[in-house]
Amino acid sequence: MSVVPRSEKPTGRLRRMLDRLSTSQEDLHSAELQQDAEETGCTKICDCDDRQIVKVTGTLRTVTLRPRAGVPALEAELFDGSAALDVVWLGRRSIVGIEPGRKLIASGRISMSRGRRVLFNPKYELRPLGQE
């Protein structure tokens, strides 16, 4: 009986199914989001640098109303499987379709605020609900 080293795992359907069953739900979701970013031609959030103009995609984890300097601001955390960034719409209390769990594509200039990546008033495109 020959032993197959772990680095040379069989890649058959059974192996892929077992790998999928043993992978956590969060890891599967992250992999799916990263694949979605590649398919849409978007930059991974982890690769975004300060002052860079980017196009990113992901899922909104949280959406909150948090005033900034006395001005209403709708803030959302966008996660793409590699990292997260804050998306902020200044002067807005709500936007139809911007809700936790929704997928979107956002573009604009990245800035850094308190060590976190932020997109202020980005152009955005909501992904169709059927693709979620």
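As a reminder, the structure under discussion sits directly above these lines.
Residues numbered from 1 in each chain as written. Predicted model: local features only at pLDDT ≥ 70, side-chain atom pairs only at ≥ 80, totals over all residues. Heavy atoms only, no water.

A. Up close: the overall build of the chain. In terms of regular secondary structure, the chain is built from two helices and six strands. The linear arrangement of helices and strands in the chain, starting from the amino end, is α-α-β-β-β-β-β-β. Residue burial in the chain is summarised as follows: out of 132 residues, 33% are buried. For the chain, the proportion of contacts with a sequence separation of at least 24, taken over those separated by at least 6, is 52%. Only carbon and sulfur atoms are counted for the fraction: they give 50% of the accessible area of the chain, which is about 8600 Å². (Helix = DSSP H or I, 4+ residues; strand = E, 2+ residues; numbered from the N terminus. Buried < 20%, exposed > 50% of the residue type's maximum accessible area, 1.4 Å probe, protein only. Contact = heavy atoms within 4.5 Å. Areas by Shrake-Rupley, 256 points an atom, 1.4 Å probe, with all protein chains shown as cover.)

B. Spotlight on the nonpolar core. Grouped together as the largest cluster of nonpolar side chains are 18 residues, with contacts concentrated most on Val56, Leu78, Leu85, Trp89 and Ile98. Within the residue set of this core, elements represented by two or more residues are strand 1 (53-65), strand 2 (73-79), strand 3 (84-90) and strand 4 (103-113). Contact partners of valine 56, with chain neighbours within four places excluded, come to Cys42, Thr43, Ile45, Cys48, Leu78, Leu85, Leu104, Ile105, Ala106 and Leu119. (Core = buried A, V, L, I, M, F, W, Y, C linked by side-chain atoms within 4.5 Å.)

C. The arrangement of the packing of aromatic side chains in detail. A complete count under the given rule lists one aromatic pair for this structure. For the ring pair tryptophan 89 and tyrosine 124, a centre distance of 5.4 Å and an interplane angle of 75° mean the geometry is edge-to-face. Within this pair, whereas tryptophan 89 is found in strand 3, its partner tyrosine 124 is found in strand 6 (residues 123-126), the two being separated by 35 residues in sequence. When the ring centre of phenylalanine 79 is taken as reference, the NZ or CZ atom of arginine 61 above it lies at 3.7 Å. (Phe/Tyr/Trp six-rings, centres within 6.5 Å; stacked < 30°, edge-to-face > 60°. Lys NZ or Arg CZ within 6 Å of the ring centre and 35° of its normal.)

D. The arrangement of the pattern of salt bridges in detail. Considering all chains together, one arrives at five salt bridges under this definition. For arginine 61, the salt bridge is made with glutamate 77, and the minimal N-O distance between the two is 3.7 Å. Of this pair, arginine 61 sits in strand 1 while glutamate 77 sits in strand 2, and the two are 16 residues apart along the sequence. Residue glutamate 77 is classed as buried on the basis of its relative accessible area, which comes to 15%. Residues glutamate 77 and arginine 116 are paired through a salt bridge, measuring 3.2 Å at the closest nitrogen-oxygen approach. Taken as a pair, glutamate 77 in strand 2 and arginine 116 in strand 5 (residues 116-120) lie far apart in primary sequence, 39 residues in all. Beyond isolated ion pairs, a larger network of salt bridges with shared partners links Arg61, Glu77, Asp86 and Arg116. (Salt bridge = Lys/Arg side-chain N within 4 Å of Asp/Glu carboxyl O.)

E. Local environment of the pairing of strand 4. Across seven bridges, strand 1 lies against strand 4 in antiparallel orientation. Looking across to strand 4, one finds that threonine 59 is bridged to lysine 103. Pairing of strand 4 with strand 6, which is carried by four bridges, proceeds in the antiparallel orientation. When the sheet's bridge partners are listed, isoleucine 105 is paired in strand 6 with glutamate 125. As paired strands, strand 4 and strand 5 are joined by four bridges and run antiparallel to one another. Paired with serine 111 across the two strands is valine 118, which belongs to strand 5. (Pairing = 2+ DSSP bridges.)

Honestly, that's just the spatial picture; any functional story needs more than this.
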